Amino acid sequence: DTDGAIAQMKALVGPKTVVASLQNGVDAVERMSAAFGAERVLGGVCHIAIAIERPGVLRHTGTMARITLGELNGAKTERLTALVDACARAGLNIVESADINRAIWEKFVFLSSMSGITALARSAIGPIRDDPDGRLFIERALSESTAVARAQGIALADDHAEKAVAFMMQLPATMKASMLHDLERGAKLELPWLSGAVVRLGRKLGVPVPTHETIRSEEHTSELQS
């Protein structure tokens, strides 16, 4: 929905307006910078698990609820601090990042795998990770997305993939990625911007991503079934 949001926001953006996206994926900053100018854009990440229960009602389905914001160049600016302080006063769990691009990619590595795996299996994470083959699928997906991030020049920690696997092992067994909730209610999927983006970037950068190719191919299978 990034392009639609940009079109709706254009009339609201003035000379001093700052625009921040909390969208999943790694494309939003580039699109917003092209529309508004990079000097008006902050990078953002939202860590939360929710599902649209019905129109106007969002159900918090996990334990995470944190926003991270940062200047694209890593600077600490008055506008960033003012925005973060205002959100904190409103009771939000929000932090500043000196490397927001890395924060965006860290979430992308995890979410592209979590969303693809749970949606592909039509299952919460618990039964998948309890199965030896399911755990192997998790490990491979996270290793591939981590390799793509590094090839893109993102300085992830050497043990990033291993820590991501460990984190996924500790999630509530009933947790589903929001993309699975979307799939279950017949809504538009983020697949082209998650596993689809891993595949697109992997091909561009020369990184093999067979697990995410399998996940992405489900988009075409679902279209044929429908």
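Here, the structure is the one placed above.
All of the points below concern the structure found in this document. (Residues numbered from 1 in each chain as written. Predicted model: local features only at pLDDT ≥ 70, side-chain atom pairs only at ≥ 80, totals over all residues. Heavy atoms only, no water.)

1. Things to note about the layout of surface pockets
Heads up, the rule is: A pocket, in this scheme, is an open set of points on a 1 Å grid over the protein atoms alone with protein on both sides within 12 Å along at least 5 of 7 lines, while a cavity is a set where a 1.4 Å probe fits but cannot get out; residues line either one if an atom lies within 4 Å of a point. Grid points are joined across faces, edges and corners, and a volume is the space filled by probe spheres set on the points. Each residue receives one of three labels: charged for Asp, Glu, Lys and Arg, nonpolar for Ala, Val, Leu, Ile, Met, Phe, Trp, Tyr, Cys and Pro, and polar for the others, Gly being one of them. Secondary structure is summarised from DSSP: a helix means a run of H or I of at least four residues, a strand means a run of E of at least two, and numbering begins at the N terminus for each.
Put simply, the largest pocket is a space of about 1300 Å³. In terms of lining, the largest pocket is formed by 46 residues, of which the most central are Asn24, Lys107, Leu111, Ser178 and Glu190. In terms of residue class, the lining of the largest pocket is made up of 22 nonpolar, 11 polar and 13 charged. Put simply, the second largest pocket is a space of about 360 Å³. Forming the boundary of the second largest pocket are 18 residues, of which Val26, Asp27, Val29, Glu30 and Trp105 lie nearest the centre. Counting residues per element, the ones that place at least two in the lining of the second largest pocket are helix H2 (28-36), strand S2 (41-54), helix H4 (100-121) and helix H9 (195-205). Taken together, the residues of the lining of the second largest pocket sort by class into seven nonpolar, seven polar and four charged.

2. Remarks on the packing of helix H1 (residues 2-9) against H2
Test applied: Angles run from 0 to 180 degrees between N-to-C directions of axes, and those axes are lines fitted to C-alpha atoms, restricted for helices to the stretch in contact. Any angle that falls under 35 degrees is termed roughly parallel, while one over 145 is termed roughly antiparallel, one within 65 to 115 roughly perpendicular, and all others oblique. Handedness of a helix crossing follows the sense of rotation of the near helix relative to the far helix, less than a right angle counterclockwise being left-handed and clockwise being right-handed. Should any heavy atoms of two residues lie within 4.5 Å, those residues are counted as being in contact.
With their axes 10 Å apart at the nearest point, H1 and H2 run at an angle of 25° to one another. As far as their axial angle goes, H2 and H1 are roughly parallel. Two packed elements cross with a definite hand, and for H1 against H2 that hand is right-handed. Of H2, the residues touching H1 (which contributes Thr2, Asp3, Ile6 and Met9) are Ala28, Arg31, Met32, Ala35 and Phe36. Within the contact of H1 with H2, the residues separate by chemical class into six nonpolar, one polar and two charged.

3. Re empty space enclosed by the protein
A full pass over the atoms with the stated rule returns one cavity of 30 Å³ or more. Its boundaries defined by the atoms lining it, the largest cavity holds a volume of some 40 Å³. Surrounding the largest cavity, Gln23, Asn24, Gly25, Gly44, Val45, Cys46, Ile104, Lys107 and Phe108 form its lining.

4. What about H4?
Condition: To estimate how far a helix should extend, the number of its residues minus one is multiplied by 1.5 Å. Each residue gets one of three labels from its accessible area relative to the maximum for its type: buried under 20%, exposed over 50%, partly exposed in between, using a 1.4 Å probe on protein chains only.
Counted at 1.5 Å a residue, the expected span for H4 with its 22 residues is 32 Å, and the 31 Å between its end C-alpha atoms agrees. Judged by how many residues are buried, H4 sits mostly within the fold: 17 of 22 residues are covered. One or two steps after H4, the chain reaches Arg122, where phi turns positive at roughly 55°.

5. A few points about the side chain of Asp182
Inspection of the secondary structure puts Asp182 in helix H8 (residues 178-184). By relative accessible area, Asp182 is classed as buried at 14%. Those residues in contact with Asp182 that lie beyond four places of it in its chain are Ala187, Lys188 and Leu189.

6. Thoughts on the pattern of salt bridges
Close approach of charged atoms allows side chains of opposite charge to pair. Heads up, the condition is: By definition here, a salt bridge exists when the distance from a side-chain nitrogen of Lys or Arg to a carboxyl oxygen of Asp or Glu is within 4 Å.
Per the stated rule, a full pass over the model turns up 12 salt bridges. The salt bridge partner of Arg102 is Glu106, with a shortest N-O separation of 3.1 Å. With Arg102 and Glu106 both in helix H4, this residue pair falls four residues apart, about one helical turn. A relative accessible area of 28% means that Arg102 is categorised as partly exposed. Residue Glu106 is classed as partly exposed on the basis of its relative accessible area of 29%. We note a salt bridge from Lys176 to Glu184, for which the minimum N-O separation is 2.8 Å. Residue class for Glu184 comes out partly exposed when judged on its relative accessible area of 48%. Connected through shared salt-bridge partners, Glu53, Arg54 and Arg59 make up one network.

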